[in-house]
Amino acid sequence: METLIPILAAAVRSGTPILYATLGEIVTEKAGIMNIGLEGIMLMGALTGFSATLSTGRPWLGLSAAFAVGACLGLIHAFLSVTLGSNQVVCGLAMTMFGGGASALMGRNQVGMTIKGMAPLDIPVLSELPILGRVFFSQDIMVYISFILVFFLVFFLRCTRPGMDLRAVGDNPRAADAMGLPVARIRCTYAILGAGLVALGGAYMSVVYNKFWAESMTAGRGWIAVAMVIFAVWNPMRAALGAYLFGGVDAFQLRLQAAGTSVPTPLLMMLPYILTILVLVFISIGKGRKISLSAPSALGVPFYREERD
Amino acid sequence: MTEGRGAVPLVEMRGITKRFSGVTANRDVNFSVEAGEVHALLGENGAGKSTLMNILYGLYRPDEGRIFLDGKPVIFRTPRDAIAAGIGMVHQHFMLVHTHTVWENMILGVKDTPFVLPKKKIINRIAEISGHYGLQIDPSAMVWQLSTGEQQRVALLQMLYRNVRVLILDEPTAVLTPQESVRLFETIRRMSGEGHGVVFISHKMREVMSETHKVTALRRGENAGTVATSETTEEALAEMMMGRKVTLDVNRSRLNAGKTLFEVRNIRVLGDRGVEAVSEVSFSIKQNEILGLAGVAGNGQQELCEALVGLRPLLSGEIKMNGCRMEGSSPRRFIREGIYYIPSDRKGVGMASGMDIVSNSIIKKYWSKPVGHGAFIDWRNSAACAKRIIEDFDVSAPSLHTPVRNLSGGNLQKLLMGRELSEAPKVLIVMHPTWGLDVSATRYVREQLLAARENGSATLLISEDLDELLALSDRLAVMFKGKFMGLLDDPASVPTEKIGLLMAGAPVEAA
């Protein structure tokens, strides 16, 4: 048990970037906007977060800046897909390529530098709990915020008026419009906020988890998050489970690498991706119907009021 | 124009013109509704009724013309403005979010709803309104679980919840059983009695004559006249709406049905939601026979059709064509055996709407000669085939290479019917063949179905229009919740009320 607890704690940290990205994408997709440019947005977030922290020395500023840059990218995506009604898959792919390329270019002279990052913060009482305390409650603030975010989103989507409006514009924009909701404004708002959360996930990697910047450092986590949204059937709780699953395998393979096994490193590094996808596929077998029922019906479909069908 | 009860009309639309990319949907239309009035808006499909009302509801903006509320000019930029001004609309396709509960739909877009939804309060308010107007509903049900009639109740409540003064109903009875319609009219009477203005879009003369105070007919986007209902007749209205005398009557000749061609025994089929949509249905159709299938939409007709043409797997049961078992075969084998299908979703299922007329004409036979040659398609023969359909079935199209989505509803349906009927189908499965068509196209389609019957086709005709079923069918079945409620041998002699009861699920004996 004693050897397992640090791995589990590391699993939570390692899963947190994916959790932020998945939550961001859930918010975006619930509004009916598909943004598959997560990888690019995460990378831009990671670079922004790192640079701002490096120059100001304050991780908080870095993370806020990352959120702002993500929101700007979300605004671009919203403008292209909501206002101009262009193809959202193409926009998303463009976002991925742009984010990957731009962050590599702009981050060239920051490779190899390090920052201090964020110190862990024990939560009184809760961190004293056996096992759970050290796994969940001796982490940094960003992890705690992600916990709160998960529960808040569940509550927000289910029990609040803006949450209901958000679901409505993603499920039946025509009905939402006929009932007087400003469909375009709502869709844009959540595409922007969602992208901000995605960028925060990227920034967590560079500012808190690794404390350095490297080209393509998210290494496909954005794509895992895109898949995770579907397997989580747009449910924030299940998104957390999926993210920690990835984090768990990642933490485990890092230990193995450190311990020095005869298994080749690239194979080990593949492990979290392969296992996550296998597990996700396995638990979704036979749930096709549930997935198609939970999917926002108007996902990826632009809405124009005066278009006649 | 308004003979007026002295007062200023509740709502007045003056000189409304609306164009959609070159097509004029409304031209200089005047229309007004007074308090306590039920005003019918009559017209053929495409006459511009829905467009006019969507303008009043703020969904479309007029290119010209103005709207006055209590005599004061208003501009509705969005439905939000219209609702705030007290104008509500129940669309033909209800504006409901299917994955939400009834109570969530009720408050959708209501401005002063608190951040955290006060579920109990909302449910109480719904109970209050639904009690007052006799619209019973379970507020916690998900909308997709409700029948069409119940969904309409939700859509009505949605507007009453917003305290609207003018309620627009777009063909509200098209989706109801006769009994449900009676209840709807009770609600409407109650509303007009309380001083609401009700606009009632319809093309059913009988309802217009018995349930409204005033009628405005639209023809090709223009106001063809407004009259008091008590001072007019069905014939006069029909002429006003069409500009000429047209009847829907078709001659169904007496024919002796041939041998049994198509047999279905105890089939069970799952719907998209995973619940059984068709349970233990059995019937057979003979040559030269039309079997009508009545029922309110959503009672398993769609799933039944899809199963009968091989598009949806059976849970159990048998389908026999000429004595040969068909279940489990590919849709292509169904086609090869001569089972043809005219689906209700013409653009989505019946046609590939982005492809041109030629491609759509050969879509069910491109694999065989003379159209297909191995891996290649003979486009010259294909064009000839398309040309034949267009000529034989009176399709008007700019060219053979027009994408079918640009055809009007009537021409699209004629093309679809032509494609299926030109193959001399042995069995024909037809769903809602005249949905959304104008009177002349409707008549044409019905005549073609009767011609197919004379040529020996065994036809299953699914429709929600009882008059259509009674005019065309040799026998009539009624479907309710996936089951056949009864098979009537001589449908024309059965009173409509009895069929209505069967459609609402009453057992045969009670009916």
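Remember, it's a predicted structure, so these values are computed and weren't measured experimentally.

Engineer: Mind laying out the domain arrangement of chain B, listing which residues take part and the relevant values?
Structural biologist: Residue and element names in this part refer to chain B. For chain B, the domain assignment lists domain 1 (11-242) and domain 2 (260-350 + 425-503). Of note, the centres of domain 1 and domain 2, computed from C-alpha atoms alone, are 32 Å apart. At the interface, 13 residues of domain 1 touch 15 residues of domain 2. Summed over the three residues of domain 1 that lose the most area to domain 2, namely Asn45, Trp144 and Gln179, the buried surface amounts to 35% of that side. The interface formed by domain 1 and domain 2 contains one salt bridge. Aspartate 467 serves as the salt-bridge partner of arginine 206, at 3.3 Å between the closest nitrogen and oxygen. Connecting domain 1 to domain 2 are one residue pair in polar contact (both at pLDDT 80 or more). Classifying every residue of the side of domain 1 that touches domain 2 gives six nonpolar, four polar and three charged.

Engineer: For the pairing of strand E7 (residues 166-170) of chain B, give the residues involved together with the corresponding values.
Structural biologist: In the case of a regular strand, side chains alternate between the two sheet surfaces. Residues and elements named next belong to chain B. The buried count for E7 comes to five of five residues, which makes it a mostly enclosed element. In the sheet, strand E6 (residues 87-90) pairs with E7 via four bridges, with the strands oriented parallel. Residue pairing across strands places glycine 88 opposite leucine 167, the latter belonging to E7. Both E7 and strand E8 (residues 197-202) contribute to a ladder of five bridges, which runs parallel. Looking across to E8, one finds that leucine 167 is bridged to valine 198. Handedness of the crossover joining E7 and E8 through helix H6 (residues 178-193): right-handed.

Engineer: Could you give an account of the environment of aspartate 250 of chain A, naming the residues involved and the relevant values?
Structural biologist: Residues and elements named next belong to chain A. With respect to the element layout, aspartate 250 can be found in helix H11 (residues 236-259). For aspartate 250, a relative accessible area of 6% corresponds to the buried category. Along the chain, aspartate 250 and leucine 4 lie 246 residues apart, while their C-alpha atoms are 14 Å from each other. What aspartate 250 contacts, discounting residues up to four positions off in sequence, is Ser14, Tyr209, Arg221 and Pro272. Side-chain polar atoms of aspartate 250 contact the side chain of serine 14, separated by 2.9 Å.

Engineer: For empty space enclosed by the protein, give the residues involved together with the corresponding values.
Structural biologist: Residues and elements named next belong to chain B. As enumerated under the stated definition, the model contains four cavities of 30 Å³ or more in all. By volume, the largest cavity is sized at about 120 Å³. As for the largest cavity, its lining consists of Gly134, Leu135, Gly149, Gln152, Arg153, Leu156, Leu176, Glu180, Arg183, Leu184 and Thr187.

Engineer: Hey, could you go over unusual backbone geometry for me, with residue numbers and the actual values?
Structural biologist: All names here are of chain B. The linkage connecting lysine 369 with the following residue, proline 370, adopts the cis geometry, with an omega of 5 degrees. Note on placement: proline 370 falls in the loop between helix H12 (357-361) and strand E17 (372-373). The phi torsion at asparagine 163 lies on the positive side, around 55 degrees, for a residue other than glycine. By the secondary structure assignment, asparagine 163 is in the loop between helix H5 (148-161) and E7.

Engineer: Outline the layout of surface pockets, supporting the account with residue identities and numerical values.
Structural biologist: Residue and element names in this part refer to chain A. The computed volume of the second largest pocket comes to approximately 590 Å³. Together, 21 residues line the second largest pocket, and Lys30, Arg158, Arg167, Val233 and Trp234 are the ones closest to its centre. Going through the elements one at a time, helix H6 (141-159), helix H7 (161-171) and helix H13 (288-294) are the ones with two or more residues in the lining of the second largest pocket. Taken together, the residues of the lining of the second largest pocket sort by class into 10 nonpolar, five polar and six charged.

Engineer: Kindly report on the nonpolar core, identifying the contributing residues and their values.
Structural biologist: Of all hydrophobic cores here, the largest spans 138 residues; its most connected members are Met13, Leu52, Met53, Leu56, Tyr57 and Ile87 of chain B. A total of 10 residues in this core trace back to one element, the largest contributor, which is helix H9 (residues 183-209) of chain A. Contact partners of leucine 56 of chain B, with chain neighbours within four places excluded, come to Val11, Met13, Ile67, Phe76, Ala82, Ile87 and Ile168 of chain B. Within the second largest apolar cluster, 47 residues are counted, among which are Ile389, Val404, Ala441 and Leu472 of chain B.

Engineer: Account for the side chain of threonine 17 of chain B, with residues named and values stated.
Structural biologist: Residues and elements named next belong to chain B. With respect to the helices, strands and loops of the structure, threonine 17 is situated in strand E1 (residues 11-20). A polar atom in the side chain of threonine 17 sits 3.0 Å from the backbone nitrogen of aspartate 28. Ignoring anything within four residues of it in the chain, the contact list for threonine 17 reads Asn26, Arg27, Asp28, Pro62, Asp63 and Glu64.

Procedures and definitions
Residues numbered from 1 in each chain as written. Chains lettered and ligands numbered in written order. Predicted model: local features only at pLDDT ≥ 70, side-chain atom pairs only at ≥ 80, totals over all residues. Heavy atoms only, no water. Domains from an automatic or database assignment. Contact = heavy atoms within 4.5 Å. Buried area = accessible area lost by both parts, 1.4 Å probe. Salt bridge = Lys/Arg side-chain N within 4 Å of Asp/Glu carboxyl O. Polar contact = N/O pair within 3.5 Å; in protein donor to acceptor, adjacent residues only side chain to side chain. Nonpolar A, V, L, I, M, F, W, Y, C, P; charged D, E, K, R; others polar. Buried < 20%, exposed > 50% of the residue type's maximum accessible area, 1.4 Å probe, protein only. Helix = DSSP H or I, 4+ residues; strand = E, 2+ residues; numbered from the N terminus. Pairing = 2+ DSSP bridges. Right-handed = clockwise from strand over helix to strand, strands pointing away. 1 Å grid on protein atoms, 1.4 Å probe; cavity = no way out; pocket = protein on both sides within 12 Å on 5 of 7 lines; lining within 4 Å. Points joined across faces, edges and corners; volume = space filled by probe spheres on them. Core = buried A, V, L, I, M, F, W, Y, C linked by side-chain atoms within 4.5 Å.

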